[in-house]
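Observations on chain architecture
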Amino acid sequence: MSNGLILCCSWSPTFVYYICDPLTRQWITLPSRRPRSIGFIGDGLITRVNEDHMLIGYTIVMVELQKPRSNYLCLEMFSSETGKWIVYKLPCPIRLWELADGAIYCYGALHWLVRYDEGIYGMLAFDPYKDPKSVRLIPLPDDRDLQSERDNLGGLQLCGESQGTLRYFEVSEYTTHFYLFTMWAMKDYKKGEWCCEFKVRQSDLHSNDLELSNWLFRYRWFRPLSFHPLNPNVVYLICMDPERIVSYNILNRRLDFASKPIDFRQCISSSLGIPFVLPRWPLLVPPVATVKSIKESVKYRK
């Protein structure tokens, strides 16, 4: 998601991508990609706006996780300005084992959570507008809970953009672990350095709701969902018993119910939340360029 637009995909019978504006219900179908033999796809969307904050174009970047694993990364990009899919094969500092399906946009680049070297997690960063194009590996915080991360395949960790910076939030499932919630923020993006913003014990948590307050003394099963898109002090989590979405306030360490009871078994994915913020005004999705429109643009510039 970028500037109120969402990248959607249908998988049957072939991959078909759409750009959607949920506010205006405008849809644009993108040209078909060339059929390729792939193992997994992680995609991301970047939009471009002018000085008047009007949408002027967008770029889609897809990372293909191929087998056998190699030190090259296969990227496929689509630009609304050219109307074409272009394949790039770039040197990669690692051999990928696993790739998150959703990209994180921050600092002008797309970021994917990846697993490599038998259980080590990190982030791959790619800027489609940077010349020459390159892929960068950003390590995650050194003092995170590695045992919980390995045992849950990264399911108890959340990494995303919050108020213009990258943040990393983790939940520890083990009663022997001293802290339940921990969060880091990116301190120096160029150096890939993180700083810990807080560590919270289970005994520090409280709630004004009696049901949730009693539940805190019996269980510690949470799954992080998303950061609040507007409030940097709030994180949303999934509480499995009772089955609710709860909000955690960093400042007062309070948990509150944020939803009615939910049957997470019927959800498509209970581990991925996409916070959507309504834009100040409706956006017009730029049309996909065609050969005719490109020629007319070149003629006009001359």
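Remember, predicted model here, so these are calculated numbers, not experimental data.

Here the focus is a nonpolar patch on the surface. Judged by side-chain polarity, M1, L23, I274, F276 and L278 come together as a nonpolar surface patch covering roughly 470 Å² of accessible area. By secondary structure assignment, the location of M1 is in the segment before β1 (6-10). Overall, M1 belongs to the partly exposed group, its relative accessible area being 40%.

Counted under the stated rule, the structure contains 12 aromatic pairs. Seen from their ring centres, Y17 and W85 are 6.0 Å apart, and the 55° between their planes marks the pair as tilted. Here Y17, found in strand β2 (residues 16-21), pairs with W85, found in strand β7 (residues 84-91); they are 68 residues apart in sequence, far enough to count as distant. The same class applies to Y17 and to W85, which are both buried. Members of the aromatic cluster, each reached through a chain of ring pairs, are F169, F181, F198, W215, F222 and Y248.

The biggest cluster of nonpolar side chains holds 23 residues, and the ones touching the most others in it are F169, F181, F222, L237, Y248 and L255. Elements supplying a minimum of two residues to this core: β14 (165-171), β15 (181-188), β16 (193-200), α2 (210-216), β17 (222-227), β18 (234-240), β19 (243-249) and β20 (254-257). The contacts of L255, once residues within four sequence positions are left out, are L205, H206, S207, N208, L212, L216, F222, L237, V246, S247 and Y248. Counting residues in hydrophobic clusters, the runner-up holds 19 residues, among them L73, I94, L96 and F126.

Of all residues in the chain, 84% have pLDDT values of 70 or greater, and the mean over the chain is 81. For the chain, per-element mean pLDDT is lowest for helix α3 (residues 291-301), which scores 41, and highest for β15, which scores 95.

Reading guide: rules and limits
Residues numbered from 1 in each chain as written. Predicted model: local features only at pLDDT ≥ 70, side-chain atom pairs only at ≥ 80, totals over all residues. Heavy atoms only, no water. Patch = residues over 30% accessible without salt bridge, like charges linked within 9 Å, V, L, I, M, F, W, Y side chains within 5 Å. Areas by Shrake-Rupley, 256 points an atom, 1.4 Å probe, with all protein chains shown as cover. Salt bridge = Lys/Arg side-chain N within 4 Å of Asp/Glu carboxyl O. Helix = DSSP H or I, 4+ residues; strand = E, 2+ residues; numbered from the N terminus. Buried < 20%, exposed > 50% of the residue type's maximum accessible area, 1.4 Å probe, protein only. Phe/Tyr/Trp six-rings, centres within 6.5 Å; stacked < 30°, edge-to-face > 60°. Core = buried A, V, L, I, M, F, W, Y, C linked by side-chain atoms within 4.5 Å. Contact = heavy atoms within 4.5 Å. pLDDT = per-residue confidence, 0-100.

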